[in-house]
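Single-letter residue listing:
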Amino acid sequence: MFEEDYSRYRLFPLFLTGVAFVIASPLFWLHGEAPTQSLISRGAENVDLYNRSLPYFSFAFERLRQGELPLWSNAQWCGIPFMADPLTGIFQPLYILFYLLPADQAMATTSFAGLALMGIFFVLFARSLDLRYTSSIAGAVVFAFCGITAAAMTHPENMATLAWTPLLFWGIREHAREGQRAPLVIGALALAFCLLAGIPALALPFGIIAILYYLIHNLVPLRGKTIRLSRVAMDLALFLGVATGAAAVQWLPSAFWLFNLADPASALWRFSLAGAFPQDWNEMAGQLVLAKSGALTPVYYLGIVALLTLPPSLFHRTARLECLFMLLLLPLLLLMVWRGSGAGSAFPYAALLFPAGFAAAVLVALGTDRLFVDSRDPRSVFIWFPVLLFLASTAFLLYAGSGKARGLLLVALCITLPYFIFRAGWLRRVCGALFIACLFLDLLLATKNYYAHPYLDRSALPNQAPLRTAPPPDEPEYEGKSLTLAHEFNAGFQQNDGLMTLRPAADGTGIPVSRWQQPWMELIQRHRAAQDISPYQDDPATSSEFQRALALAGVTTLRIAADHPFATSAWYLNQLGYRLQQRNEYGQIWVSDVDFPRAWLATGWRVAASPPEGLKGALAPEFPWQTACFVDSDSPGFEALAQQVPQDPVPGVAPAGPRTVCTVQQANQESIGISLNAPQPGIVVVADAYYPGWHAELDGSPVPILCVNGLLRGIAVGAGEHTLQLRYVPRAFQTGFAISFSTIAALALWGLATLWRSALRTR
C-alpha cells in the first residue's frame, strides 16, 4: 500500500495507518453493535454490561471526578472493598475516557479506541518482522475485526487487554532484533496494562505466550547469533519485574481481596463476551467458512478471505521463526479451547480464542506478504507455488462456502489475479489496498450482535430508571440501606443500582462477596428468588428471619419489581414494618417507619464459632438481638473481650434500652465517626460489613474490630462517654502503590539518564 523504505517506522505511513483505523473502528463497532433490526434489551449474553460494567464504571469514575479514591463502597452487600476488585480498572490507561464522558458513552468510545490501538500496534509488530505495509495492515484488520474480537468489543475490560497485546510482542521482537532494553521495557509496560484491565483469563495466557516468544527468540541458535544465558536471564527478570511492579498498585490489593473471598476461583477467572460458541465440530467448521451472523457474532469467524492467505504463510522466508511459532500455537490453543470447554474447570477456556486469533492474524500477515511479493524480491521466483495454494484454497472454499462467502471469494480472486499475472509495482499497491478493503468488508458484514449495549439503550442510565429511592428526610447523615427484589434481567430494577446512585445497599448481583458476606448473600437470595408468597405466610419463622435480617442491616427501603410475588402482598410488607411510598407499572418502593440506626450498643454477647453460626444465632427468634450480639471467636481481640465486656449485663447497673442508638457524627464511604454515652460496658455494633483493612480508634487509641452477628463490625467499649472513629486503610493498597510508584520512577530516571548520555555522545 505504501512505498517501501529502509526505515520500518516511517512517520507518514504510520500516521495514515492510524487515521484509517481511527475511522474504521467506530464504523465497525456501530455496525456490529447497532444493527438496523430490533435489539434484544436484556439477556444472558449482555446482562453483565448492565449489572456490572455500567454500575462499576459509574461509581468508580464519579468518585474520582470528586477527587476521591473509591477504596470502599457501601453501595453493595453492606459494604465491599471496591477498588480491590481488578475489574474496576481504575489504573487502566485506556480508561481515561471515563474521566471525561458519562459511563455509557465511555464504554462505547473505549471500544473505539481499543479497536484502533489493536490495529495500529499490530502494524508496528508486523513491521518489526519486516513485513510490508500491505500485509501488516491485512493482519491488523483480521486481528482487530475478526469474530472473537467483535464478540469481545462490547466489554471494556476485554478490549483494554487486547489493545496492548501487539505492543507487548513488538517490544519482545524489537529487543531480540536490536538487543536494546528500551523496547523490552515498553513490552513489559504493555503487559502491565493488560494486567490492569482486570481479566487474568486474558492477560495471563498472553503473558505466558510472550515469555515463550521471548525465550524462543533468545535461545534458538541462528546464524551468527551468540547466546549469553546470563544476559537472557537478566533481561527476562527485567521484563517480569517491570510488568509486575507497574501493576502492583492493582494486583497486590486484589491478591489480598481474593484471599478473603468466599469463592476466589470464580472471581479470579471472571470472563464474559457476547458471542456464539459452536457446540460441535460441524458448527465450528460452519463458523469458519460461512460469512453470516445470527443474533450473536460467530467467534470462530476469521474471514473467508483471510483463510486464503493461511497456506501461503508456510512459505514465508524472512520470518520463519514467527511462522513456526504461530503454526504450533494456533492448533494447540484451539484444541485447549475445545477440550477445556466441557471439562468443568473454573478457568474459562474460551478466553484462549484471543491468543489463537492473534496467532491467526500473524499468519494472515505472513501469507499476504508472501503473496504480494515485489517482482524484484529474490523470493519472487518462487511465487507460483504459494499462488497455486491460494487458488486451490479458493476453489475448495467456493465449494464449501455459502452464497455470500462465494461472492466474497470471487471478489478476492478478481482483486489478486491481475497482480499475480502482471506483478507491476503500482499494481501491487492497488491490488493490496483492494484486498484489505475486501477483508474489512467481509468481517464487517459477518459480525453483528443483536443484544443491546448501554450506549444504545437509554433505560440503563441512572436518570432514566422508572423509580428512584427518596432519601428519608429525618436522618440526612444516614439514609439507611435499600434492598432490591427483582430478577437480574429486569430493566427497571437493577440490583446494583446503588453503585450508580451512590446509595447504600444490602444486596447486589455479579459481585464477589467475602466469606463473611456469603451467608448473608445466601439468605437474601432465597427471598429475592421467591416464586410464591405462601411459604412466608405459612411459616412465621421465615417471616421473622427476614424481618430481623432487614433490621440488623438497617434496610429502610425495599425496591420490588412488578413481577415479583412480594409486589402483590401488601399485608406481608406491612407486617415487616414497611409502607408503600411509590408505585407504577414497573414496580414499587416500600420504606420502613422504624428508625434503623447506623450503630447501636449491645450490652450482652455470645460466642460464635464461625460467621454463618453468628448470623444464624442473631436471627433466631429467641435471641435478644436489640441488646446483644454474637461475636466470631476468630475476631482480632476476642481473647481479651471477656475482660472488657461481660457476656451478661453488669449487675446493679441499668441495662441499655432496646437498640440504644449511637450518634453518627460524620460518615462517608471510607470512614465513620460515632459518639456515645454507654451506661455500662458493651459492644458498639455498626451496621456495615466486617472486613480486614478497617481500623478503629476509641478516644484516640487503636482498638480491634470484632466480627459480630456474622456480618457486621463491632468495637468493645467501656462505660461512659466515648468517641469512635473507623477508617478503611488497606495496607495492601499502600504497599502496591509504593511498589508501582517506585517502578515508574526508576524507569523515568533510567530513561532520562539514557537520553542524557545520548545527548553527550552527539556533541
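Residues numbered from 1 in each chain as written. Predicted model: local features only at pLDDT ≥ 70, side-chain atom pairs only at ≥ 80, totals over all residues. Heavy atoms only, no water.

### Things to note about the packing of helix H1 (residues 11–33) against helix H17 (residues 425–446)
Here is step 1: For the pair H1 and H17, interaxial distance at closest approach is 9 Å and the crossing angle is 25 degrees. It follows from the interaxial angle that H1 and H17 lie roughly parallel. H17 is crossed by H1, and the crossing has right-handed handedness. Contacts between H1 and H17 involve Ala24, Leu27, Phe28 and His31 from the first element and Phe440, Leu443 and Leu444 from the second.
Here is step 2: Across the contact of H1 with H17, the residue classes break down as six nonpolar, one polar and no charged. (Axes fitted to C-alpha atoms, helices over the stretch in contact; angles between N-to-C directions. Helix = DSSP H or I, 4+ residues; strand = E, 2+ residues; numbered from the N terminus. Parallel < 35°, antiparallel > 145°, perpendicular 65-115°, else oblique. Left-handed = near helix turned anticlockwise from the far one by under 90°. Contact = heavy atoms within 4.5 Å. Nonpolar A, V, L, I, M, F, W, Y, C, P; charged D, E, K, R; others polar.)

### Focus: the layout of surface pockets
Here is step 1: Taken as a whole, the largest pocket holds about 420 Å³ of empty space.
Here is step 2: Forming the walls of the largest pocket are 23 residues, and the residues nearest its centre are Leu288, Tyr300, Leu302, Leu330 and Leu334.
Here is step 3: When contributions to the lining of the largest pocket are tallied by element, the ones reaching two or more residues are helix H6 (147–152), helix H12 (281–289), helix H13 (320–340) and helix H14 (353–371).
Here is step 4: Here the lining of the largest pocket gets six residues from one element, more than from any other, and that element is H13.
Here is step 5: In terms of residue class, the lining of the largest pocket is made up of 21 nonpolar, two polar and no charged. (1 Å grid on protein atoms, 1.4 Å probe; cavity = no way out; pocket = protein on both sides within 12 Å on 5 of 7 lines; lining within 4 Å. Points joined across faces, edges and corners; volume = space filled by probe spheres on them.)

### A short note on the confidence of the model for the protein chain
Here is step 1: When pLDDT is averaged along the protein chain, the result is 85; 90% of the residues meet or exceed 70.
Here is step 2: In the predicted structure, residues 1–6 sits below a pLDDT of 50 and forms 18 contacts with residues beyond four places in sequence or in another chain.
Here is step 3: Taken as a whole, residues 462–478 scores under 50 in pLDDT and shows 38 contacts with residues more than four places along the chain or in a different chain. (pLDDT = per-residue confidence, 0-100.)

### Overview of the packing of aromatic side chains
The description of an aromatic ring pair rests on the distance of the ring centres and on the angle between the ring planes.
Here is step 1: Per the counting criterion, the structure on display carries 48 aromatic pairs.
Here is step 2: Each ring, one from phenylalanine 256 and one from tyrosine 691, has its centre 6.5 Å from the other, and the planes form 90 degrees; the classification is edge-to-face. Placement of phenylalanine 256 in helix H10 (residues 229–259) and of tyrosine 691 in the loop between strand S13 (682–689) and strand S14 (694–698) is noted, with a sequence separation of 435 residues between them.
Here is step 3: A centroid spacing of 5.1 Å and a plane angle of 85 degrees characterise the contact between phenylalanine 315 and phenylalanine 385, whose relative ring orientation is edge-to-face. Note that phenylalanine 315 is positioned in the loop between strand S2 (297–298) and H13 and phenylalanine 385 in helix H15 (residues 384–400), a separation of 70 residues in sequence.
Here is step 4: Relative accessible area serves as the criterion here: at 30%, phenylalanine 315 is assigned to the partly exposed category.
Here is step 5: Assessed through its relative accessible area of 48%, phenylalanine 385 is described here as partly exposed. (Phe/Tyr/Trp six-rings, centres within 6.5 Å; stacked < 30°, edge-to-face > 60°. Buried < 20%, exposed > 50% of the residue type's maximum accessible area, 1.4 Å probe, protein only.)

### Considering the side chain of threonine 149
Here is step 1: Within the element layout of this structure, threonine 149 appears in helix H6.
Here is step 2: Within polar-contact distance, the side chain of threonine 149 engages the backbone oxygen of phenylalanine 143 at 2.8 Å.
Here is step 3: In contact with threonine 149, other than residues within four places in its own chain, are Leu115, Met118, Phe143, Ala144, Met159 and Leu162. (Polar contact = N/O pair within 3.5 Å; in protein donor to acceptor, adjacent residues only side chain to side chain.)

### Looking at the pattern of salt bridges
Opposite charge on two side chains allows them to pair when their charged atoms are near.
Here is step 1: One pass over the full model with this rule turns up 16 salt bridges.
Here is step 2: Linking arginine 181 and aspartate 235 is a salt bridge whose minimum nitrogen-to-oxygen distance equals 2.6 Å. Here arginine 181 is found in helix H8 (residues 181–196), whereas its partner aspartate 235 is found in helix H10, with 54 residues between them in sequence.
Here is step 3: Its relative accessible area of 27% is what places arginine 181 among the partly exposed residues.
Here is step 4: On the accessibility criterion, aspartate 235 (2% relative accessible area) is buried.
Here is step 5: The salt bridge involving arginine 526 is made with glutamate 545; its shortest N-O contact spans 3.5 Å. Of this pair, arginine 526 sits in helix H19 (residues 518–528) while glutamate 545 sits in helix H21 (residues 540–553), and the two are 19 residues apart along the sequence.
Here is step 6: Overall, glutamate 545 belongs to the partly exposed group, its relative accessible area being 23%.
Here is step 7: Put simply, Asp48, Arg52 and Glu157 are held in one network by salt bridges that share partners. (Salt bridge = Lys/Arg side-chain N within 4 Å of Asp/Glu carboxyl O.)

### Quick look at the sheet that holds strand S15 (residues 701–703)
Paired through their backbone hydrogen bonds, the strands of a sheet run either parallel or antiparallel.
Here is step 1: Ordered by their spatial adjacency, five strands build an open sheet running S11-S12-S18-S14-S15, and the pairing between neighbours is antiparallel. Bordering the open sheet on either side are strand S11 (663–667) and S15, each of which pairs with just one other strand. Averaged over all pairs of adjacent strands, the angle between strand axes in this sheet comes to 25 degrees, irrespective of strand direction.
Here is step 2: Where S14 lies against strand S18 (residues 720–728), five bridges are found, and the strand directions are antiparallel. Of the residues in S18, the one forming a bridge with tryptophan 694 is tyrosine 728. (Pairing = 2+ DSSP bridges.)

### Section: the environment of aspartate 632
Here is step 1: Within the secondary structure, aspartate 632 is located in strand S9 (residues 628–632).
Here is step 2: In this structure, the C-alpha to C-alpha distance between aspartate 632 and valine 708, residues 76 residues apart in sequence, is 6.1 Å.
Here is step 3: In this view, aspartate 632 contacts Trp516, Ala608, Ala609, Ser610, Pro611, Phe638 and Cys707; residues no more than four positions away in its chain are not counted.

### Side note on H13
Here is step 1: Over its 21 residues, H13 extends 30 Å from the first C-alpha to the last, a length consistent with the 30 Å expected when each residue adds 1.5 Å.
Here is step 2: All of the buried residues along H13 are Leu321, Glu322, Cys323, Phe325, Met326, Leu329, Leu330, Leu333, Val337, Trp338 and Gly340.
Here is step 3: On its buried face, H13 is in contact with helix H7 (156–178), helix H9 (200–219), H12 and H14. (Expected span 1.5 Å × (residues − 1).)

### Things to note about unusual backbone geometry
Here is step 1: Here tryptophan 77, not a glycine, exhibits a phi torsion of approximately 50 degrees, which is positive.
Here is step 2: Following the sequence through the fold, tryptophan 77 ends up in the loop between helix H2 (47–65) and helix H3 (97–100).
Here is step 3: Among the residues examined, tryptophan 77 registers a relative accessible area of 1% and is labelled buried.
Here is step 4: Positive phi, close to 65 degrees, is recorded for cysteine 78, a residue that is not glycine.
Here is step 5: On the secondary structure map, cysteine 78 appears in the loop between H2 and H3.
Here is step 6: Looking at cysteine 78, the relative accessible area reads 0%, which means it is buried.

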